[in-house]
Amino acid sequence: MQQEASAIVQTLKSKGLRVTPQRFAVYANLLSRADHPTVEQILTDLNKDFPLSSQATIYSSLQALREVGLVREVLLEQGVSRYDAHIEPHHHFYCRQCGAIEDIAWDTFECIQLNSLRPGLRGESYEVTIQGLCDRCNA
Ligand SMILES: [Zn+2]
Ligand SMILES: [Zn+2]
């Protein structure tokens, strides 16, 4: 755990970020989970052992982490921002019944040819969201 903490501090510093307790806590929390939490979920989790956090400080920490590319925002449901510290390209599976979200490895699908768009459109990136039922809901 000590090792992990110093690795996190190193990562933040390597991106030129000042290491604040809030940024550290938010980033460590995101690295420790794979469920793509909302700000509210991060707040609930952090307040268990870091009771000074407010939604505003979490937002500003997330903003700083996003600006340096350590965290990305994922929009899988309309109007709901979720956050992901897994920044390598990947797709998502979204369970329409329970809302569970799971990462899908990038090479699961064949590449989409962005140059098959109609002339005039220049595609730059894409990712796939598969909607369906997770193992539990499908049982
Ligand atoms: Zn489900
Ligand atoms: Zn993800």
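This write-up is about the structure you can find in this document. Please read all numbers here as calculations on a predicted model, not as lab measurements. (Residues numbered from 1 in each chain as written. Chains lettered and ligands numbered in written order. Predicted model: local features only at pLDDT ≥ 70, side-chain atom pairs only at ≥ 80, totals over all residues.)

### Points about the sheet that holds strand β3 (residues 90-95)
Heads up, the rule is: Strand pairing requires that DSSP identify at least two bridges connecting the strands. Numbered from the N terminus, helices here are DSSP runs of H or I no shorter than four residues, and strands are runs of E no shorter than two. Only the contacting stretch of a helix is used when fitting its axis, a line to C-alpha atoms as for every element, and angles between N-to-C directions run 0 to 180 degrees.
Strand order in the open sheet formed by three strands is β4-β3-β5, with mixed pairing between adjacent strands. Single-partner strands in this sheet number two, and they are β4 (101-105) and β5 (129-132). Taken pair by pair, the neighbouring strands of this sheet meet at an average axis angle of 25°, ignoring direction. Here β3 pairs with β5 via four bridges, running parallel. Following the sheet pairing, F93 is matched in β5 by I130.

### Some details on the packing of helix α2 (residues 21-31) against helix α3 (residues 39-47)
Stated precisely, the cut-off is as follows: When describing relative orientation, an angle under 35 degrees is termed roughly parallel and one over 145 degrees roughly antiparallel, while 65 to 115 degrees is termed roughly perpendicular and anything else oblique. For the purpose of contact definition, each residue receives a C-beta atom placed from its backbone, and two residues are in contact when these atoms lie within 7 Å. Each residue receives one of three labels: charged for Asp, Glu, Lys and Arg, nonpolar for Ala, Val, Leu, Ile, Met, Phe, Trp, Tyr, Cys and Pro, and polar for the others, Gly being one of them.
Closest axis-to-axis distance for the α2/α3 pair is 10 Å, and the angle between their directions is 105°. As the angle between them shows, α2 and α3 are arranged roughly perpendicular. Contacts from A25, V26 and N29 in α2 reach I42, D45 and L46 in α3. Looking at the contact of α2 with α3 residue by residue, the class counts come to four nonpolar, one polar and one charged.

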